[in-house]
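What follows is each chain in one-letter form.
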Amino acid sequence: MLIDDYVADLGRALAGPAGPKRDMVVEARDSLIDTADAFEADGLAREEAELLAVREFGTVEEIAPGYQSELTACAGRRLGGLLFVSVPLTALAWAMIWKVFPLAPEVWASKPEWFEACSRALDLVQLGVGVAGGLALLALGRGARLLPRARAVTRTLGGLVLAMLVATMVLGWLLSVGAKGMTGFAAYPPGVLVTLATYALAGMQFYCAVRCLRITRTAVAHR
């Protein structure tokens, strides 16, 4: 197999964030070209030099698992970083907004009895997942290349985020139901702005979580 064919096969075998994946494939190609150039300088024909360089580099089946492990860890790190920053920030924004822009006392007095408990549960769920994101960052350090570890952490984190999003959707729906009885809540601009920001961050979390689950399926195929 010539270098271009080998690199194309390697690219198809890997799944992960586009930037790191592209860098890995380019790095492999550069290494192969350097090796082939050395063989050619020793007197081999170009085609023979490339064939020998590919043979020494290893088959795609042998090389791909190591690269895929790092891509899996990279996806987990990105999701962990997003959670570590966005989830506590969202919870803090909601906690602070009532302090900085409080509702009128008569509006707040009309809330259901369970409203505050539901709001606190939502904060705890989000903060718990934020902590999980931080722990995942520690577990998936740049040197984490062991496939079972990277796959297990990344897949667990992706599943946890999806579960968190379902829980926050249910709790958010309950809060919206409770808020309907609070006169003036619907016209509360700070709450509307934070709600839109929360939805945007949740969309990013969902995308990254689904990508982590998809990538870990590829990791299993390379075991």
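Residues numbered from 1 in each chain as written. Predicted model: local features only at pLDDT ≥ 70, side-chain atom pairs only at ≥ 80, totals over all residues. Heavy atoms only, no water.

What follows covers the side chain of Arg77. For Arg77, the position within the fold is in helix H4 (residues 60-100). Judged by relative accessible area, which is 12%, Arg77 ranks as buried. One polar contact links Arg77 to Glu70, side chain to side chain, over a distance of 2.8 Å. (Helix = DSSP H or I, 4+ residues; strand = E, 2+ residues; numbered from the N terminus. Buried < 20%, exposed > 50% of the residue type's maximum accessible area, 1.4 Å probe, protein only. Polar contact = N/O pair within 3.5 Å; in protein donor to acceptor, adjacent residues only side chain to side chain.)

What follows covers the packing of helix H2 (residues 18-41) against helix H3 (residues 46-57). It is at 8 Å that the axes of H2 and H3 come closest, and there the two elements cross at 130 degrees. Accordingly, the angle class assigned to the pair H2 and H3 is oblique. When the axes of H2 and H3 are compared, the crossing they make is right-handed. Residues Ala28, Ser31, Leu32, Ile33, Thr35, Ala36, Asp37, Phe39 and Glu40 of H2 pack against Arg46, Ala49, Glu50, Leu52, Ala53, Val54, Glu56 and Phe57 of H3. Tallied by class, the residues present in the contact of H2 with H3 amount to ten nonpolar, two polar and five charged. (Axes fitted to C-alpha atoms, helices over the stretch in contact; angles between N-to-C directions. Parallel < 35°, antiparallel > 145°, perpendicular 65-115°, else oblique. Left-handed = near helix turned anticlockwise from the far one by under 90°. Contact = heavy atoms within 4.5 Å. Nonpolar A, V, L, I, M, F, W, Y, C, P; charged D, E, K, R; others polar.)

Where helix H1 (residues 3-13) is concerned, the buried positions are Ile3, Tyr6, Val7, Leu10, Gly11 and Ala13. Projected down its long axis, H1 shows its buried positions confined to an angular sector of 160 degrees, all on one face. (Arc of directions from axis to C-beta.)

The biggest cluster of nonpolar side chains holds 20 residues, and the ones touching the most others in it are Leu10, Leu14, Leu32 and Tyr67. Ranked by residue count, the leading element in this core is H2, at six residues. Counting 16 residues, the second-largest nonpolar core is a separate cluster that includes Ala75, Leu82, Leu157 and Met164. (Core = buried A, V, L, I, M, F, W, Y, C linked by side-chain atoms within 4.5 Å.)

Where H1 meets H2, the axes come as close as 10 Å, and the angle between the chain directions of the two elements is 155 degrees. Between H1 and H2, the angle is such that the two are roughly antiparallel. At the point where H1 passes H2, the crossing takes the right-handed sense. Within the contact between the two elements, H1 uses Ile3, Asp4, Tyr6, Val7, Leu10 and Gly11 and H2 uses Lys21, Val25, Ala28, Arg29, Leu32, Ile33 and Ala36.

In this structure the tally under the stated criterion is six salt bridges. When the shortest N-O distance is used, the salt bridge between Glu50 and Arg46 registers 3.2 Å. You can see Glu50 and its partner Arg46 sitting in helix H3, four residues apart, about one turn around the helix. You can call Glu50 buried: its relative accessible area is 16%. (Salt bridge = Lys/Arg side-chain N within 4 Å of Asp/Glu carboxyl O.)

Assignment of secondary structure puts Thr216 in helix H8 (residues 189-221). Among the residues examined, Thr216 registers a relative accessible area of 0% and is labelled buried. One polar contact links the side chain of Thr216 to the main-chain carbonyl oxygen of Leu213, over a distance of 2.8 Å. Excluding its chain neighbours within four sequence positions, the residues that come into contact with Thr216 are Thr72, Arg151, Thr154 and Arg155.

Attention shifts here to the environment of Glu50. For the pair Glu50 and Leu32, spaced 18 residues apart in sequence, the C-alpha separation works out to 7.5 Å. Beyond its immediate sequence surroundings of up to four residues, Glu50 is in contact with Met1, Leu2, Ile3 and Ala36.

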